[in-house]
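Reading the structure
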Amino acid sequence: MWDECPMTDEPAKPIRVALLGCGVVGSAVARMLVTNAADLRARVGAPVELVGIAVRRPAKDRTDLPVDLAIFTTDAAELVTRADIVIEVIGGIDPARELLLSAMANGAAVITANKALLAEDGPTLYAAADAAGVDLYYEAAVA
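Overview of the structure. Everything numeric here is computed off the predicted structure, so don't read it as measured data. (Residues numbered from 1 in each chain as written. Predicted model: local features only at pLDDT ≥ 70, side-chain atom pairs only at ≥ 80, totals over all residues. Heavy atoms only, no water.)

1. Notes on unusual backbone geometry
Residues Asp94 and Pro95 are joined by a peptide bond in cis, for which omega reads 15°. Looking at the secondary structure, you find Pro95 in the loop between strand 4 (85-88) and helix 4 (96-105). (Helix = DSSP H or I, 4+ residues; strand = E, 2+ residues; numbered from the N terminus.)

Okay, here's the thing in structure tokens:
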């Protein structure tokens, strides 16, 4: 059910979003992506599809989230290779750094709320984003 692309009348390709982490912040992000899907589609001109959520504890009860439970995975490394945008809210330095570098190397834009990683290794992340020609966003990480 893709929207039509306004310039070509072709269906707009969905924007695939991967979420790393599903704690307090991650679950709020997932909820907002799903409940605001129509508004996001109207704003960006294409459907925004949550393709996966990487978690450490897949057995945790997350039935309160309006997402298909089948999209939860413990394989974050694989997940970042199949997204257009990767949102990282797991925190810490590793494995966050390696996951974000992999995401960018695979052509995904990155959004992170990881203050520690930006403070410790921001130049590496900026260089990786520049080399891959993708965006690195971090507004949620700083005041």
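Still more to cover.
2. Brief notes about the side chain of Arg97
With respect to the secondary-structure elements, Arg97 resides in helix 4. What Arg97 contacts, discounting residues up to four positions off in sequence, is Leu117, Glu120 and Asp121. (Contact = heavy atoms within 4.5 Å.)

3. A look at the packing of aromatic side chains
Taken as a whole and judged by the stated rule, the model has one aromatic pair. Judged by centre distance (6.2 Å) and plane angle (80°), the rings of Tyr126 and Tyr138 are edge-to-face. Residue Tyr126 is found in helix 5 (residues 115-132), and its partner Tyr138 is found in the segment after strand 6 (136-137); the two are separated by twelve residues along the sequence. Look at Tyr126 and you get partly exposed, because its relative accessible area is 42%. Of the residues examined, Tyr138 reaches a relative accessible area of 29% and is grouped as partly exposed. (Phe/Tyr/Trp six-rings, centres within 6.5 Å; stacked < 30°, edge-to-face > 60°. Buried < 20%, exposed > 50% of the residue type's maximum accessible area, 1.4 Å probe, protein only.)

4. Looking at the sheet that holds strand 6
Here six strands make up an open sheet; going across it, the order is 3-2-1-4-5-6 and the pairing parallel. Either end of the sheet is taken by a strand with one partner, and the two such strands are strand 3 (72-73) and strand 6. (Pairing = 2+ DSSP bridges.)

5. Focus: the side chain of Ser27
With respect to the element layout, Ser27 can be found in helix 1 (residues 24-35). When neighbours within four sequence positions are excluded, Ser27 is seen to be in contact with Cys22 and Leu65.

6. Comments concerning the pairing of strand 2 (residues 48-54)
Burial within strand 2 is extensive, with five of its seven residues counted as buried. Two strands pair when backbone bridges link them, and strand 2 and strand 3 are joined in this way by two bridges, in the parallel orientation. Each bridged residue has a counterpart across the sheet, and for Ala54 the counterpart in strand 3 is Thr73.

7. Overview of helix 1
For helix 1, which comprises twelve residues, the first-to-last C-alpha distance of 17 Å matches the rise-based estimate of 16 Å (1.5 Å per residue) to within 8%. Within the span of helix 1, buried status applies to Gly26, Ser27, Ala30 and Leu33. Buried positions in helix 1, seen along its axis, are confined to an arc of 125° and lie on one side of it. Those residues of helix 1 that are exposed and angled more than 90 degrees off the buried face are Val24, Met32 and Thr35. Buried residues along helix 1 sit against strand 1 (15-20), helix 2 (37-44), strand 2 and strand 4. (Expected span 1.5 Å × (residues − 1). Arc of directions from axis to C-beta.)

8. Quick look at the pattern of salt bridges
A full pass over the atoms with the stated rule returns seven salt bridges. Across the pair Glu78 and Arg82 runs a salt bridge whose closest N-O atoms are separated by 2.9 Å. The class of Glu78 is partly exposed, set by a relative accessible area of 34%. Judged by its relative accessible area of 32%, Arg82 is partly exposed. Residue Asp121 pairs with Arg97 through a salt bridge whose shortest N-O separation is 2.5 Å. You can see Asp121 sitting in helix 5 and its partner Arg97 sitting in helix 4, a full 24 residues away along the chain. On the basis of relative accessibility, which here comes to 13%, the residue Asp121 falls in the buried class. (Salt bridge = Lys/Arg side-chain N within 4 Å of Asp/Glu carboxyl O.)

By themselves, these observations are geometric and do not establish any function.
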